[in-house]
Amino acid sequence: LHKAGKKVSIIEAAPRLMARQLDERTSKLLQQKVEAAGVRVYVNTGIEKVEGADQVSAVIAGGESIPCDSVIYSIGVIPELELVSGSDIQTNRGIIVNERMETSVQGIYAAGDVTELNGVVEGLWGRAMDQGKVAGHNMASQTPVDYQKATPITVLNAFNLELFSIGMVDESQCDATITEESDEHPYTRVFIKENKLVGVIAHEGVAESLPYKNVIESQVSLMGIDFSQISIAALLTEVTERLTVSL
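From a predicted model like this one, the values you see are computed outputs, not experimental measurements.

Asker: Explain the side chain of Asp23 to me, please; I cannot follow it from the model alone.
Answerer: Positionally, Asp23 belongs in the loop between β1 (9-11) and α1 (24-36). Those residues in contact with Asp23 that lie beyond four places of it in its chain are Arg16, Tyr187, Arg189, Phe191 and Ile201.

What follows is the structure, encoded as structure tokens:
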């Protein structure tokens, strides 16, 4: 929209942009790039009102009136629970399912945006597809399978910023991180939990993401490695060697 010549404002309810996909440093860099391009950014801000009669004329956000002629919003999904209303199927935010996509009523399955698994409503297309496959298999087969979340990956290439984020990148839920940045190598940060590599943020193109994704999905133990003394490249080499031995 910005490239098309539109005057754009971003209103984000969270304290920073892409808080679930980026660490604080990268999120701040992203905001700087976006604002430098001429896009206004509001964080920690909710929309209080949309004004206009036949069409939108402004939004009220943080007590400020922001004139506009269109609004694009992304607020997640709200599961449609009317289908099971009055039945014995348990619901919370969504229809509660187990790892086999089975509801609280034996033999009845659910998948996709309507479901809630371990307290989470996913609302993601790829995971809805994967859940549907598991539900279909378990409805048709005598050999049940469990749903396994695919490793999430986010790729950004906009506002002269190229980066990717894979897996768990919430520092508060991890035991250690390794951060590197130099003139020769762009900013990279890996996240470690329970002696396994669980996530990475790197200011590189998507082509560089595959080795990290493979290592994260391998779940190879990093036991015995001093994370304060090892480089990210050496860590990847060590994990690759351990994976080869385990095979």
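After that view of the structure, there is still more to cover.
Asker: What's the story with the confidence of the model for the chain in this structure? I'm lost.
Answerer: Across the chain, the average pLDDT comes to 93, with 99% of residues at 70 or higher. At the level of individual helices and strands, the chain shows its lowest average pLDDT in helix α4 (residues 232-246), which scores 86, and its highest in strand β6 (residues 95-97), which scores 97.

Asker: Would you explain the side chain of Arg127 in this entry?
Answerer: Relative to the assigned elements, Arg127 resides in helix α2 (residues 125-140). On the basis of relative accessibility, which here comes to 12%, the residue Arg127 falls in the buried class. Aside from chain neighbours lying at most four places away, what touches Arg127 is Glu122, Tyr147, Lys149, Ala150 and Pro152.

Asker: Sorry if this is basic, but what is going on with the sheet that holds strand β9 (residues 161-167) here?
Answerer: Strand order in this open sheet of 5 strands is β8-β9-β12-β11-β10, and the pairing throughout is antiparallel. Since the sheet does not close on itself, it has two edges, and those belong to β8 (153-158) and β10 (176-180), each with one partner. Adjacent strand axes in the sheet meet at a mean angle of 15°, parallel and antiparallel pairs treated alike. Both strand β11 (residues 188-193) and strand β12 (residues 196-202) contribute to a ladder of 6 bridges, which runs antiparallel.

Asker: What should I look at first to understand the pattern of salt bridges in this one?
Answerer: Side chains bearing opposite charge may pair, as long as their charged atoms lie close to each other. Overall, the coordinates contain 9 salt bridges when judged by the stated rule. Note that Arg40 is salt-bridged to Glu64, the shortest N-O span being 3.0 Å. Taken together, the positions of Arg40 in strand β2 (residues 40-42) and Glu64 in strand β5 (residues 64-67) put the pair 24 residues apart, joining distant regions of the chain. Since its relative accessible area comes to 38%, Arg40 is described here as partly exposed.

Asker: In this structure, what is going on with α2? I would like to understand it.
Answerer: Residues spaced three or four apart along an α-helix face the same direction, because each turn holds 3.6 residues. For α2, spanning 16 residues, the distance from its first C-alpha to its last is 23 Å, which sits close to the expected 22 Å at 1.5 Å a residue. The complete set of buried residues in α2 reads Arg127, Ala128, Gln131, Val134, Ala135 and Asn138. Taken down its axis, α2 places every buried residue within 125° of arc, on the same side. Residues of α2 that are exposed and angled more than 90 degrees away from the buried face: Trp125, Lys133 and Ala140. Of the surrounding secondary structure, the elements contacted by the buried residues of α2 are β7 (115-117).

Asker: What am I meant to see in the sheet that holds β5 here?
Answerer: Strand pairing in a sheet is mediated by backbone hydrogen bonds. Such pairs are either parallel or antiparallel. Strand order in the open sheet formed by 3 strands is β3-β4-β5, and the pairing between neighbours is antiparallel. This sheet does not close on itself; its edge strands, each paired only once, are β3 (47-51) and β5. The average angle at which neighbouring strand axes cross in this sheet is 20°, direction not considered. Pairing between strand β4 (residues 58-61) and β5: 4 bridges, direction antiparallel. By the bridge assignment for β5, Val59 is matched with Ile66.

Asker: I tried to follow helix α3 (residues 210-218) on my own but got confused; where do I start?
Answerer: Among the residues making up α3, those that are buried are Tyr212, Val215 and Ile216. Along the axis of α3, the buried residues cluster in a sector spanning 100°; they form a single face. One or two residues past the end of α3 sits Gln219, with phi positive at roughly 55°.

Asker: Quick question: what am I supposed to make of a nonpolar patch on the surface here?
Answerer: Taken together, the side chains of Ile47, Val50, Val71, Tyr73 and Ile75 define a hydrophobic patch exposed on the protein surface, amounting to about 530 Å² of accessible area. With respect to the helices and strands, Val50 occurs in strand β3. On the basis of relative accessible area, Val50 is assigned to the partly exposed category, the value being 49%.

Reading guide: rules and limits
- Residues numbered from 1 in each chain as written.
- Predicted model: local features only at pLDDT ≥ 70, side-chain atom pairs only at ≥ 80, totals over all residues.
- Heavy atoms only, no water.
- Helix = DSSP H or I, 4+ residues; strand = E, 2+ residues; numbered from the N terminus.
- Contact = heavy atoms within 4.5 Å.
- pLDDT = per-residue confidence, 0-100.
- Buried < 20%, exposed > 50% of the residue type's maximum accessible area, 1.4 Å probe, protein only.
- Pairing = 2+ DSSP bridges.
- Axes fitted to C-alpha atoms, helices over the stretch in contact; angles between N-to-C directions.
- Salt bridge = Lys/Arg side-chain N within 4 Å of Asp/Glu carboxyl O.
- Expected span 1.5 Å × (residues − 1).
- Arc of directions from axis to C-beta.
- Patch = residues over 30% accessible without salt bridge, like charges linked within 9 Å, V, L, I, M, F, W, Y side chains within 5 Å.
- Areas by Shrake-Rupley, 256 points an atom, 1.4 Å probe, with all protein chains shown as cover.

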